[in-house]
Structure formats: structure tokens, C-alpha cells
Amino acid sequence: MCNRYKAPSKPEEELSIATIKKLPKMYFTNITGGEPFIRTDLPDIVRELYKKSDRIVISTNGFFTDRIVALAKEFPQIGIRISIEGLEKTNNEIRGLENGFQRGYQTLKKLRQMGMKDVGFGMTVQDKNAPDLVPLYQISNKLGMEFATASLHNSFYFVEAKNIIKNRPMVAHNFEKLINQLLKSNSPKKWFRAYFNHGLINYIYGQKRLLPCDMSFDTFFIDPYGDVMPCNGTKDKEVMGNLNDQSWDELWNSPEAEAVRKKVRCCDRNCWMIGSVSPAMHKYIWKPAIWVAVHKFKALFSKKPYSMYENKICRDYRDGKVTKEQLDKCSTCDMCATVNNGLSAASMEQLKNKTGEEIVDADIASQMKKG
């Protein structure tokens, strides 16, 4: 899973409004963390970003219900995705929060009652929660909410190098069930989500991406220190420049940025995360569109228009032509890796005497005292 909460950045080092003002025009922005709502100036950040971005979605654990609701009242067009990792028992076990599921679920219901449309669940699928995938989708569908999926990845951002799917056929089978439900819907958006989930099966089997990755060419990731990178999926930080110290044009057109783009063209991590896949699906629309057309046609004659065994690798593994050990070597999992958490020297210093959890808990407690 994601261990970013164990390696928090120092608040006084984090992005300022002045730096955010230097960002370029964007068609979409995702604000993520850690936990974005720990930032008490998040409304100011969103206000500034709406001058730059057509659409904003915030990924959150849903803990700060009052702050989320207040932000939604000011910006009713904003998107909110609350991370829920399965049904109640599974979610609370994975997240370590006794009342985590109910808190997130009730926050989402409150947002829907307010009339917000762009709200929903975000689920990172792994061995432990895969059986909850379709039941959780059915809950979100019944409530008219969005349902975003991901699978385990390794990177400096996730502060993890050992994430891996152990029972690939079981997890893939649950994705297969979800894909068939999405294809049966009347929503074209869900049909294309089915394609995205088809790509997740391909990913967990360690195969080459279904679509090219153009991160650093038309999309980017910026961390709390102002470092601009192609994405958050690399093993180590691949920095194109720093927006605190440079103008956007200077950074984007720098030799350092070009050097990173060359690395992206040779990247073999084959990530399949919505941040890189969504723009690729729009850019290479004919590929997912053909897949959707074929499977919608199949849906006219079959209750199960999609099978995970359409993927050759699934058939090869089933038939014993490929071993689990061979597939494990195709993943980004590295049991011997030293994880680079991407923190600054000052942020690392604060971890010498306290854990990341203790630092975050103390920050939240201090905020709550101030009211």
C-alpha cells in the first residue's frame, strides 16, 4: 500500500500560494497527499487553482468531514474521491482506522445530499480486498457515485518497493467481474472505465502498457517542495526543475526537463495509474474506442462479454507456460531495495526522534485545539 503518511513533509517547506500562481493553464488537476485536508489553507489553494484548471479532483481519506463539506459548499463543482479499500471490515483492517469506512461513507453521502455530482470512492485493489471490489462498486452505483480503481504500485512517492499482487488470477477474476458490470451499464463513461480496468489486469501480470506513456510531455506531477516531475510512479525522483526557483517556461523548456523526457521514453515500469492513462486514452482514443465497440457488440449476445483470458498472459499462466516467479520478475517489486522517500533534509531531520505518524497526529491535534 501507500506509506507516504510515514514520511511527511515539513509544513513550512510545502508549496506556497505564490508558487501555485506560477503553474500553467491546465485542463485537469488532482490534489493528493498524504492527506490534502491537513492543509488549513486548502480553500486558498483551490481558489487559485480554479484560475488555472478546468477541473479539480481531491483525493482524501475522508477524515476531515467538516472541512470537506465546507470546501464543497464554496466549490460545488469540485471532485472528491474518498479512499475506501473495501467493505467495512476489510477497509478498517487495511487502513488501521476503527471507524474509517463509516466516516468516509457518511461523508460521501452528505456530499451527495448537498447535490454534488463529482464524488465517489477510490479503491486500490490488492489480494486482501479484491473480493470486495464488485460489492463496493454496487454500493457506489446505487448511490450514483463515481468509482475509481487502482492497483498496487511501487515508487518513491508511495514510499514502498515491496508491493506485489500474490494471487494474480483471483484478483484478475474480480476485475473481470467488475469489467462485465461496467460494460452492461448504459454509461459510455463506464464502458471506457472497463477498458481502464482491463489494463489493470494487464498491469498486475507485469505486461507492457496498452497505451504509450506521455508523462512529462503533456502532464506533470509537482511535490510539496516545488519539484516538478513527470509523475509519481518512478523509483526515485526524476526532477525536471523547481517551481519555487524558476518560472514555468524556464523549467518546462530546460535541459533538465529534456533529459527527464528521454528517460520517460525508455521507462520500463509500465505503470497503469489514472493520472497517466486518462490523458493517453484521450490522445489515442481509437484504441480504447475499438475495444469498447467490440465488447459492447459482444454484450448484445452474451451476459459475459469480457474474459480475463482475452489477455494472452492470463492464458499462458493458466496453461503453465509462464510461472509465478517469472511474473514476479516482471513487476516493480524489489524486496532488496532501499526506498527513497523523496523528502528534503529538513523533513528527514524531523523523523530522527519521532515517527511520521506521531508528527502528523501532533499536527492534527494542534489544529483541532485552535478550532
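Note that the structure is predicted; figures quoted are calculated from it, not measured. (Residues numbered from 1 in each chain as written. Predicted model: local features only at pLDDT ≥ 70, side-chain atom pairs only at ≥ 80, totals over all residues. Heavy atoms only, no water.)

**Here's the deal with the packing of aromatic side chains**
Here comes step 1: Applying the stated criterion across every chain, the model contains 17 aromatic pairs.
Here comes step 2: Within the aromatic cluster, the residues linked to one another by ring pairs are Tyr195, Phe196, Trp272, Trp291 and Tyr306.
Here comes step 3: A cation sits over an aromatic face here: Arg261 above Trp252, 4.5 Å from the ring centre.
Here comes step 4: The cationic tip of Arg318 hangs over the ring face of Tyr309; the distance from NZ or CZ to the ring centre is 4.6 Å. (Phe/Tyr/Trp six-rings, centres within 6.5 Å; stacked < 30°, edge-to-face > 60°. Lys NZ or Arg CZ within 6 Å of the ring centre and 35° of its normal.)

**Here's the deal with the environment of Gly120**
Here comes step 1: Among the structural elements, Gly120 can be located in strand E4 (residues 119–125).
Here comes step 2: Note on Gly120: relative accessible area 0%, which makes it buried.
Here comes step 3: C-alpha of Gly120 to C-alpha of Leu23: the two residues are 97 residues apart in sequence and 27 Å apart in space. (Helix = DSSP H or I, 4+ residues; strand = E, 2+ residues; numbered from the N terminus. Buried < 20%, exposed > 50% of the residue type's maximum accessible area, 1.4 Å probe, protein only.)

**A word on the environment of Lys190**
Here comes step 1: Tracing the sequence through the fold places Lys190 in helix H8 (residues 188–204).
Here comes step 2: A C-alpha to C-alpha distance of 14 Å links Lys190 and Asp118, two positions 72 residues apart in sequence.
Here comes step 3: Residues within four places of Lys190 in sequence aside, it is in contact with Tyr137, Asn141, Leu182 and Ser185. (Contact = heavy atoms within 4.5 Å.)

**Observations regarding the packing of H8 against helix H11 (residues 274–283)**
Here comes step 1: Closest axis-to-axis distance for the H8/H11 pair is 11 Å, and the angle between their directions is 125°. Compared by their axis directions, H8 and H11 come out oblique. Relative to H11, H8 is oriented so that their crossing is right-handed. Contacts between H8 and H11 involve Phe192, Tyr195 and Phe196 from the former and Ile274, Val277 and Met281 from the latter.
Here comes step 2: Among the residues making up the contact of H8 with H11, the classes are represented as 6 nonpolar, no polar and no charged. (Axes fitted to C-alpha atoms, helices over the stretch in contact; angles between N-to-C directions. Parallel < 35°, antiparallel > 145°, perpendicular 65-115°, else oblique. Left-handed = near helix turned anticlockwise from the far one by under 90°. Nonpolar A, V, L, I, M, F, W, Y, C, P; charged D, E, K, R; others polar.)

**Some points on the nonpolar core**
Here comes step 1: Grouped together as the largest cluster of nonpolar side chains are 81 residues, with contacts concentrated most on Val46, Ile58, Ile78, Ile80, Ile201 and Tyr205.
Here comes step 2: For this core, the leading source of residues is H8, giving 8 residues.
Here comes step 3: Excluding anything up to four places from it in sequence, Val46 contacts Ile31, Ile56, Ile58, Leu71, Phe75 and Ile78. (Core = buried A, V, L, I, M, F, W, Y, C linked by side-chain atoms within 4.5 Å.)

**Looking at a nonpolar patch on the surface**
Here comes step 1: Taken together, Ile285, Trp286, Ile290 and Val294 make up a surface patch of nonpolar side chains, about 390 Å² in accessible area.
Here comes step 2: Mapped onto the secondary structure, Trp286 falls in helix H12 (residues 286–299). (Patch = residues over 30% accessible without salt bridge, like charges linked within 9 Å, V, L, I, M, F, W, Y side chains within 5 Å. Areas by Shrake-Rupley, 256 points an atom, 1.4 Å probe, with all protein chains shown as cover. Salt bridge = Lys/Arg side-chain N within 4 Å of Asp/Glu carboxyl O.)

**Topic: the pattern of salt bridges**
Here comes step 1: Enumeration over the complete set of coordinates arrives at 27 salt bridges.
Here comes step 2: Lys237 is paired through a salt bridge with Asp223; the nearest N and O atoms lie 2.7 Å apart. You can see Lys237 sitting in the loop between strand E7 (227–229) and strand E8 (241–242) and its partner Asp223 sitting in the loop between strand E6 (221–222) and E7, a full 14 residues away along the chain.
Here comes step 3: Of the charged contacts, one joins Lys263 and Glu238 as a salt bridge, the two residues approaching to 3.0 Å between their closest N and O atoms. Residue Lys263 is located in helix H10 (residues 255–265), and its partner Glu238 is located in the loop between E7 and E8; the two are separated by 25 residues in the primary sequence.
Here comes step 4: Through salt bridges with shared partners, a single network forms among Asp214, Asp218, Arg265 and Lys283.

**Some words on the pairing of strand E5 (residues 146–151)**
Here comes step 1: With 6 bridges connecting them, E4 and E5 associate as parallel partners. Residue Gly120 lies in a different strand from E5, and its bridge partner there is Glu146. (Pairing = 2+ DSSP bridges.)

**Let's talk about the sheet that holds E7**
Here comes step 1: Spatially, the 3 strands line up as an open sheet ordered E6-E7-E8, and their pairing is antiparallel. Pairing within the sheet leaves two strands with one partner each, and these edge strands are E6 and E8.
Here comes step 2: Taken together, the 2 bridges between E7 and E8 define a ladder with antiparallel strand orientation. Bridge assignment links Asp227 to a residue of E8, and that residue is Asn242.

Honestly, it's all geometry; don't read function into it.
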